[in-house]
Amino acid sequence: MNVMRQYCKRQIFSLLRHCSLTCSQRRLCSRENSGKLLSQLQAKIRFSGPITVADYMKEALTHATEGYYIHRDVFGQKGDFTTSPEISQMFGELLAIWFVMEWKMAGSPDNVQLVELGPGRGTMADDMLRAIINFPDLRKALSLHLVEVSEKLSEMQEEKLTCSNSSTKTSTDGSSHYKTCVSKHGPSVYWYRDIDEIPAGFTMFVAHEFFDALPIHIFQKTDKGWREVLVDTDPTADDNLRFVLSPTETAASRIYLKVEPGDNREHIEVCPSAGVTVQYLADRINSQGGCALIADYGHNGTKEDTFRGFRDHQLHDVLVDPGSADLTADVDFSYLRKQAGDNVKSFGPVTQSHFLQQLGIAYRLKILYEKADAEGRKDLISAFKMLTSPEEMGERFKFLAILNKNSSHDPVGFDPPPEEQ
Ligand SMILES: C[S@@+](CC[C@H](N)C(=O)[O-])C[C@H]1O[C@@H](n2cnc3c(N)ncnc32)[C@H](O)[C@@H]1O
């Protein structure tokens, strides 16, 4: 075991030396909202009754014209939140190294699809490709596939991944992707609205802060049994929405709610879309080969009341002005593992700090630090702390890996900490 770990460490350090040595720039933008979605939702509720939190969250985030993600850049200091890939290039580079290792462990197949779910500004994909192209065999074998519902964000991803004279083609020939281009790093890039449009073949999936954006149902324990929390209009104020409890069981409470013995929570959040997505990943990895790396904030089936909104980096009432704020809920990793099932091997969740330390973030920091000017060095140290410190993102964010059942190794980054060995 120790020999394997030493081997992996040497591999990581040698792979990290190959990554590019420059710090990348981050871009910022702003937004506005019309209040149209609130009126539409109120009309729908008046017509057919209260809606589930899942329906509300889905509309607020991805409604075709008014959804939060659809028309704006929501990231960075001038947006509503900042994510790890936006904090430092080290994040995407280290994830790239993880995939290089997994590709090698799978026998270096000569056709590989790297799929990112919910790529945001495309920063992580760009950082990953820049690191991966230093491995010529993988560069030749690789194509990049982005699953993105937001047209605006897909434009930003395209801009990030191509150089100005690239020609992007919108698909009109019945292909499953909606556009394609050649990235400035070499590999071709394809965009899809749905994960099940990705062509068959050996596929490595990555999802960072994707699962927390998928719609959840909320259930509450009552004297009459578990009841679903719904969103209703507020009879006392025209512009308000409010939470109500379903008077009887709902289809969702009958199908999705499974309360484990000893679970004393009063509220339970369930994300069926996350379950379906993980089942899909597991089926593909099992039947066609590949792996998945899922990173998000989350817990192991222990937390309640994690549904919240963010606007301008502040907590925001989830029912106020839908479409104007990010809505999110912590990912239940125990549920994801269960949904992945026994036909694949699951590892983790481990904390972000643990994962990045094992992938050699300190070593990567040292390489970048030596090349940076005084300002760059300050930024690097602050990014390192933000990504790994337990008080910042180091503990709250977790990593889960899924490998093919026939794989005979443990993936890097998922070793237990020394005291548990
Ligand atoms: C919180 S952002 C994370 C972005 C990026 N991964 C990062 O960490 O910076 C969520 C991303 O998922 C996309 N998204 C949300 N719901 C989606 C869905 N149902 N299908 C595809 N993409 C979705 C959003 O448009 C956005 O790109």
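Sequence order sets the numbering: in each chain, residues are counted from 1 along the sequence as written. Local features are withheld for residues below a pLDDT of 70 in this predicted model, meaning they are given only at 70 or higher, and side-chain atom pairs are given and counted only at 80 or more; totals for whole chains, interfaces and linings count all residues. Excluding hydrogens and water, the side-chain figures rest on all heavy atoms present in the structure.

1. Focus on the overall build of the protein
Next up, step 1: Numbering of helices and strands starts at the N terminus; helices are DSSP runs of H or I of at least 4 residues and strands are runs of E of at least 2. Across its full length, the protein holds 14 helices and 18 strands.
Next up, step 2: Within the protein, buried positions represent 56% of all 421 residues.
Next up, step 3: Long-range pairs, those at least 24 residues apart, make up 76% of the contacts in the protein between residues at least 6 apart in sequence.
Next up, step 4: Within the structure as shown, the protein displays about 19100 Å² of accessible surface, and the carbon and sulfur contribution to it stands at 49%. Exposure categories follow from relative accessible area, calculated using a 1.4 Å probe and restricted to protein chains: below 20% of the type maximum is buried, above 50% is exposed, and the middle band is partly exposed. Between two residues, a contact is recorded if the distance between any of their heavy atoms is within 4.5 Å. Per-residue accessibility takes into account occlusion by the displayed protein chains alone, with areas from the Shrake-Rupley method and a 1.4 Å probe.

2. Topic: the side chain of Thr52
Next up, step 1: Considering the arrangement of structural elements, one finds Thr52 in strand β1 (residues 51-52).
Next up, step 2: Since its relative accessible area comes to 16%, Thr52 is described here as buried.
Next up, step 3: For Thr52, the contacting residues outside a window of four places in its chain are His217, Glu228 and Leu230.

3. A few points about the packing of helix α10 (residues 272-288) against helix α11 (residues 333-340)
Next up, step 1: Relative orientation of the contacting elements α10 and α11 amounts to 40 degrees, with a least axis distance of 8 Å. Classed by the angle they form, the pair α10 and α11 counts as oblique. Of the two elements, α10 crosses α11, and the hand of that crossing is right-handed. Contacts between α10 and α11 pair Pro272, Ala274, Gly275, Val278, Gln279 and Ala282 from the former with Tyr335, Leu336, Gln339 and Ala340 from the latter.
Next up, step 2: Here the contact of α10 with α11 is built from residues that sort into seven nonpolar, three polar and no charged. Think of each axis as a best-fit line through the C-alpha atoms, taken over the contacting stretch in the case of a helix, with angles from 0 to 180 degrees between the N-to-C directions. Angles are sorted into four bins: roughly parallel if under 35 degrees, roughly antiparallel if over 145, roughly perpendicular if 65 to 115, and oblique for all others. Each crossing is labelled by how the near helix is turned from the far one, with a counterclockwise turn of less than a right angle marking it left-handed and a clockwise turn marking it right-handed. Classes in brief: Ala, Val, Leu, Ile, Met, Phe, Trp, Tyr, Cys and Pro nonpolar; Asp, Glu, Lys and Arg charged; the others, Gly included, polar.

4. Side note on the sheet that holds strand β13 (residues 308-311)
Next up, step 1: The sheet built from three strands is open, its strands ordered β14-β13-β15 with antiparallel pairing. Only two strands of the sheet have a single partner each, and these edge strands are β14 (314-316) and β15 (326-328). Geometrically, the sheet is characterised by an average inter-axis angle of 40 degrees between neighbouring strands, direction not taken into account.
Next up, step 2: When DSSP finds two or more bridges between two strands, those strands count as paired. Where β13 and β15 come together, three bridges link them in antiparallel fashion. Directly across from Phe310, in β15, lies its bridge partner Asp326.

5. Remarks on the pattern of salt bridges
Next up, step 1: We define a salt bridge as a contact between a side-chain nitrogen of Lys or Arg and a carboxyl oxygen of Asp or Glu at a distance within 4 Å. Within this structure, the stated rule accounts for 15 salt bridges.
Next up, step 2: Arg130 is the salt-bridge partner of Glu93, the closest N and O atoms lying 3.0 Å from each other. On the criterion of sequence distance, the pair formed by Glu93 in helix α5 (residues 89-105) and Arg130 in helix α6 (residues 123-132) is long-range, its members being 37 residues apart. In terms of burial, Glu93 and Arg130 fall into one category: buried.
Next up, step 3: A network of salt bridges, in which partner residues are shared, links Glu93, Asp127, Arg130 and Arg364.

6. Observations concerning the packing of aromatic side chains
Next up, step 1: In this analysis, rings of Phe, Tyr and Trp, with Trp reduced to its six-membered ring, are considered paired at centre separations within 6.5 Å, and the interplanar angle assigns stacked below 30 degrees, edge-to-face beyond 60, and tilted for intermediate values. Taken as a whole and assessed by the stated rule, the structure comprises seven aromatic pairs.
Next up, step 2: For the ring pair Phe210 and Phe211, a centre distance of 5.5 Å and an interplane angle of 85 degrees mean the geometry is edge-to-face. The same class applies to Phe210 and to Phe211, which are both buried.
Next up, step 3: An angle of 80 degrees between the planes, with centres 5.1 Å apart, marks the rings of Tyr297 and Phe397 as edge-to-face. Residue Tyr297 is found in strand β12 (residues 290-299), and its partner Phe397 is found in strand β18 (residues 397-404); the two are separated by 100 residues along the sequence.

7. Some remarks on the environment of Glu59
Next up, step 1: With respect to the helices and strands, the residue Glu59 is situated in helix α3 (residues 53-62).
Next up, step 2: Among the residues examined, Glu59 registers a relative accessible area of 23% and is labelled partly exposed.
Next up, step 3: Considering only alpha carbons, one finds Glu59 and Pro322, 263 residues apart in sequence, at a separation of 8.2 Å.
Next up, step 4: Aside from chain neighbours lying at most four places away, what touches Glu59 is Leu37, Leu41 and Gly67.

8. Things to note about the site of the ligand
Next up, step 1: Around the ligand lies a shell of 19 residues, among which Thr83, Gly118, Gly120, Glu148 and His208 are the nearest.
Next up, step 2: Polar contacts, as used here, are pairs of N or O atoms within 3.5 Å; protein pairs need one atom able to donate a hydrogen and one able to accept it. Residues neighboring in sequence count only if both atoms are side-chain atoms. Residue Thr83 places a side-chain N or O atom 2.6 Å away from an oxygen atom belonging to the ligand.
Next up, step 3: Take Gly120: an N or O atom from its main chain is 3.0 Å from an oxygen atom of the ligand.
Next up, step 4: The residue makeup of the shell around the ligand, split by class, is 10 nonpolar, six polar and three charged. Put simply, a residue is near a molecule or strand once any heavy atom of it comes within 4 Å of that molecule or strand.

9. Let's talk about the confidence of the model for the protein
Next up, step 1: Mean pLDDT for the protein: 89, with 86% of residues reaching 70 or above.
Next up, step 2: Every residue gets a pLDDT, meaning the predictor's confidence in that residue, from 0 to 100. Overall, residues 13-32 carries pLDDT values under 50, and its contacts beyond four positions in sequence, including any with other chains, amount to 67 contacts.

10. Here's the deal with α3
Next up, step 1: Among all positions in α3, only Val53, Ala54, Tyr56, Met57, Ala60 and Leu61 are buried. Looking straight down α3, one finds its buried side chains confined to an arc of 160 degrees; they lie on one side.
Next up, step 2: Where α3 is buried, its residues meet α2 (36-48), β1, β8 (217-222), β9 (225-233), β10 (241-245) and β15. By construction, the arc corresponds to the directions joining the helix axis to the C-beta atoms.

11. A short note on the packing of helix α13 (residues 361-371) against helix α14 (residues 374-388)
Next up, step 1: At a closest axis distance of 9 Å, the pairing of α13 and α14 adopts a crossing angle of 165 degrees. Overall, the two elements α13 and α14 adopt an arrangement that is roughly antiparallel. Seen along the crossing, α13 lies across α14 with a hand that is right-handed. Seen from α13, the contacting residues are Ile361, Ala362, Leu365, Leu368, Tyr369 and Glu370; seen from α14, they are Arg377, Leu380, Ile381, Phe384, Leu387 and Thr388.

12. Describing helix α8 (residues 151-161)
Next up, step 1: For α8, the set of buried residues is Leu153, Ser154, Met156, Gln157, Glu158, Lys160 and Leu161.
Next up, step 2: Residues of α8 that are buried make contact with α6, β3 (142-147), β5 (179-182) and β6 (188-192).

13. Considerations on the environment of Thr277
Next up, step 1: In this fold, Thr277 is placed in helix α10.
Next up, step 2: Counting along the chain gives 81 residues from Thr277 to Asp196, while the straight-line C-alpha distance between them is 9.1 Å.

14. Remarks on the nonpolar core
Next up, step 1: Nonpolar cores are built from buried Ala, Val, Leu, Ile, Met, Phe, Trp, Tyr and Cys residues. Side-chain atoms within 4.5 Å join them into one set. Formed by 60 residues in total, the largest nonpolar core has its most connected members in Phe211, Ile294 and Leu336.
Next up, step 2: The source of the domain bounds is an automatic or database domain assignment. Summarising the domain contributions, this core has at least three residues from each of domain 1 (2-216 + 266-420) and domain 2 (219-256).
Next up, step 3: Apart from the residues within four sequence positions on either side, Leu336 is in contact with Phe211, Ala274, Val278, Ile294, Val331 and Leu400.
Next up, step 4: Counting 53 residues, the second largest nonpolar core, distinct from the first, contains Trp98, Phe99, Val100 and Val112.

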